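# Architecture at a glance
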Amino acid sequence: MSPISPSPVDPWLSGAVAMDIALASQASADSIAARQARRLGELLASARLNSPLYRRLLKGRDPDSLRLEDLPVAHKAELMHCFDEWVTDPCLRLDDLRRFVADRQRIAEPFCGDYVVWESSGSSGEPGIFVQDARAMAVYDALEALRRPVLRPLQRLLDPWGFAESIAFVGAIGGHFASTVSIERLRRLYPALSGRLHSISFLQPVAGMVAQLNALAPTVIATYPSAAVLLAEERMGGRLRASPYEVWTGGEDLSAAKREFVKRAFDCPVTNNRSEERRVGK
């Protein structure tokens, strides 16, 4: 990988967002509802001002009085079809973005100097391209840091930045998928962690995944629930010897029965976050 600068990070913005999230976590239901209404109004006002598509859809309507259920459903296929009309920054053009994500050497490279870009696999029939600005990334980073379940409190206390962890992500790594971009972005932002973040393709034969995990002996395995079950079966069969202290899953639902099976197989805590779909590359 060529030495490309990481996507920009604004420490003041990141700190402000983290503080806001921490305070909001303690707010009352009425306060949160008011915050949601205010932010929706601000979002719609910005969309009406900067997006040709939403300028037409919201013409003559008061953004402050609208609810989400008042808006037309926006399907991914429709948004990709009229991407250049609904996007709010003229720097972002679909043809340019498609050329960008077609180049695997540019994974986690900032687009137009300011944006983080990832793509979906197209498993629903329509691949999507998602563009995140610095504020969105600050929100994602803060949510990840503040709201991810603490499975080993003592370890978090002694090593809050995770420098002692060795994390192996098992998933789709051949494109600009969310988790692949996230891992590469972390490598570039924090070089000291780069040797402890590993990516393993789940498209290879199971024996190959098992061999890589056995060689790496990660303290954390991050993957999809379905892949976690597969790895748990390999662990129960004695082929997978890696003994992580935690298993993180996301991108899919994890049933109670599957969670218990993975937990029993690895003899460690298991956490699943369905919203991690943005991070685990679907």
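Scroll up a little and you will see the structure.
The paragraphs below set out a description of the structure included in this document. Being a predicted model, the structure only gives us computed values, none of them experimental.

## So, the overall build of the protein chain
- Looking only at helices and strands, the protein chain features twelve helices and seven strands.
- Considering the protein chain as a whole, with its 282 residues, one finds that 40% of them fall into the buried category.
- In the form shown here, the protein chain has an accessible surface area of approximately 15500 Å², with 57% of it arising from carbon and sulfur atoms.

## Points about the pairing of strand β7 (residues 270–273)
- Across four bridges, the pairing between strand β6 (residues 246–250) and β7 is parallel. Paired with Val247 across the two strands is Val270, which belongs to β7.
- As a crossover connection, the stretch from β6 through helix α12 (residues 256–266) into β7 is right-handed.

## A word on the sheet that holds β7
- Strand order in this open sheet of five strands is β4-β3-β5-β6-β7, and the pairing throughout is parallel. Whereas interior strands pair on both sides, the edge strands pair on one side only; in this sheet they are β4 (197–201) and β7. Put simply, the sheet's adjacent strands are angled 20 degrees from each other on average, direction ignored.
- Where strand β3 (residues 167–171) lies against β4, five bridges are found, and the strand directions are parallel. Across the sheet, the residue bridging to Gly171 is Ser201, located in β4.

## A closer look at the packing of helix α10 (residues 206–216) against helix α11 (residues 225–236)
- Running from N to C, α10 and α11 cross one another at 75 degrees; their axes reach a closest spacing of 11 Å. With respect to each other, α10 and α11 are oriented roughly perpendicular. Of α11, the residues touching α10 (which contributes Val206, Met209, Val210 and Leu213) are Leu230, Leu231 and Glu234.
- Split into classes, the residues belonging to the contact of α10 with α11 amount to six nonpolar, no polar and one charged.

## Details of helix α2 (residues 29–50)
- With 22 residues, α2 extends 31 Å between its outermost C-alpha atoms, agreeing within 8% with the 32 Å of an ideal straight helix rising 1.5 Å per residue.
- What α2 keeps buried is the set Arg35, Leu40, Gly41, Leu44 and Ala47.
- As for α2, its buried residues are in contact with α1 (11–24) and α3 (52–57).

## As for the packing of α1 against helix α7 (residues 134–147)
- Running from N to C, α1 and α7 cross one another at 50 degrees; their axes reach a closest spacing of 9 Å. Considering the angle they form, α1 stands oblique to α7. The way α1 lies across α7 gives a crossing that is right-handed. Contact with α1, carried on its side by Leu13, Ser14, Val17, Ala18, Ile21 and Ala22, involves Ala134, Arg135, Ala138, Val139, Ala142, Leu143, Leu146 and Arg147 of α7 and no other residues of that element.
- The residue makeup of the contact of α1 with α7, split by class, is eleven nonpolar, one polar and two charged.

## A few points about helix α9 (residues 178–189)
- Taking 1.5 Å of rise per residue, twelve residues should cover 16 Å, and α9 covers 16 Å from first to last C-alpha, within 8% of that figure.
- Counting buried residues along α9, nine of its twelve residues qualify, which places the element largely inside the surrounding structure.
- Those residues of α9 that fall on the buried side of the exposure criterion are Ala178, Ser179, Thr180, Val181, Ser182, Ile183, Glu184, Arg185 and Arg188.
- Elements in contact with the buried residues of α9: β1 (116–119), α7, β3 and β4.

## Re the environment of Val17
- Residue position: Val17 is located in helix α1.
- Classification of Val17 as buried rests on a relative accessible area of 4%.
- Each C-alpha atom, one on Val17 and one on Ala138, is 6.6 Å from the other, the two residues being 121 residues apart in sequence.

## Things to note about the nonpolar core
- If you look at the biggest cluster of nonpolar residues, it comprises 20 residues, and the most contacted ones within it are Val170, Leu213, Leu231, Leu240, Val247, Val262 and Phe266.
- Only β3, α10, α11 and α12 provide two or more residues apiece to this core.
- Dropping the residues within four chain positions of it, Leu240 is found in contact with Val210, Leu213, Asn214, Leu231, Glu234, Arg235 and Phe266.

## With respect to the side chain of Gln132
- Relative to the helices and strands, Gln132 is located in strand β2 (residues 129–132).
- By relative accessible area, which is 10% here, Gln132 ends up buried.
- A distance of 3.2 Å separates polar atoms of two side chains, one belonging to Gln132 and the other to Tyr140.

Parameters at a glance
- Residues numbered from 1 in each chain as written.
- Predicted model: local features only at pLDDT ≥ 70, side-chain atom pairs only at ≥ 80, totals over all residues.
- Heavy atoms only, no water.
- Helix = DSSP H or I, 4+ residues; strand = E, 2+ residues; numbered from the N terminus.
- Buried < 20%, exposed > 50% of the residue type's maximum accessible area, 1.4 Å probe, protein only.
- Areas by Shrake-Rupley, 256 points an atom, 1.4 Å probe, with all protein chains shown as cover.
- Pairing = 2+ DSSP bridges.
- Right-handed = clockwise from strand over helix to strand, strands pointing away.
- Axes fitted to C-alpha atoms, helices over the stretch in contact; angles between N-to-C directions.
- Parallel < 35°, antiparallel > 145°, perpendicular 65-115°, else oblique.
- Contact = heavy atoms within 4.5 Å.
- Nonpolar A, V, L, I, M, F, W, Y, C, P; charged D, E, K, R; others polar.
- Expected span 1.5 Å × (residues − 1).
- Left-handed = near helix turned anticlockwise from the far one by under 90°.
- Core = buried A, V, L, I, M, F, W, Y, C linked by side-chain atoms within 4.5 Å.
- Polar contact = N/O pair within 3.5 Å; in protein donor to acceptor, adjacent residues only side chain to side chain.

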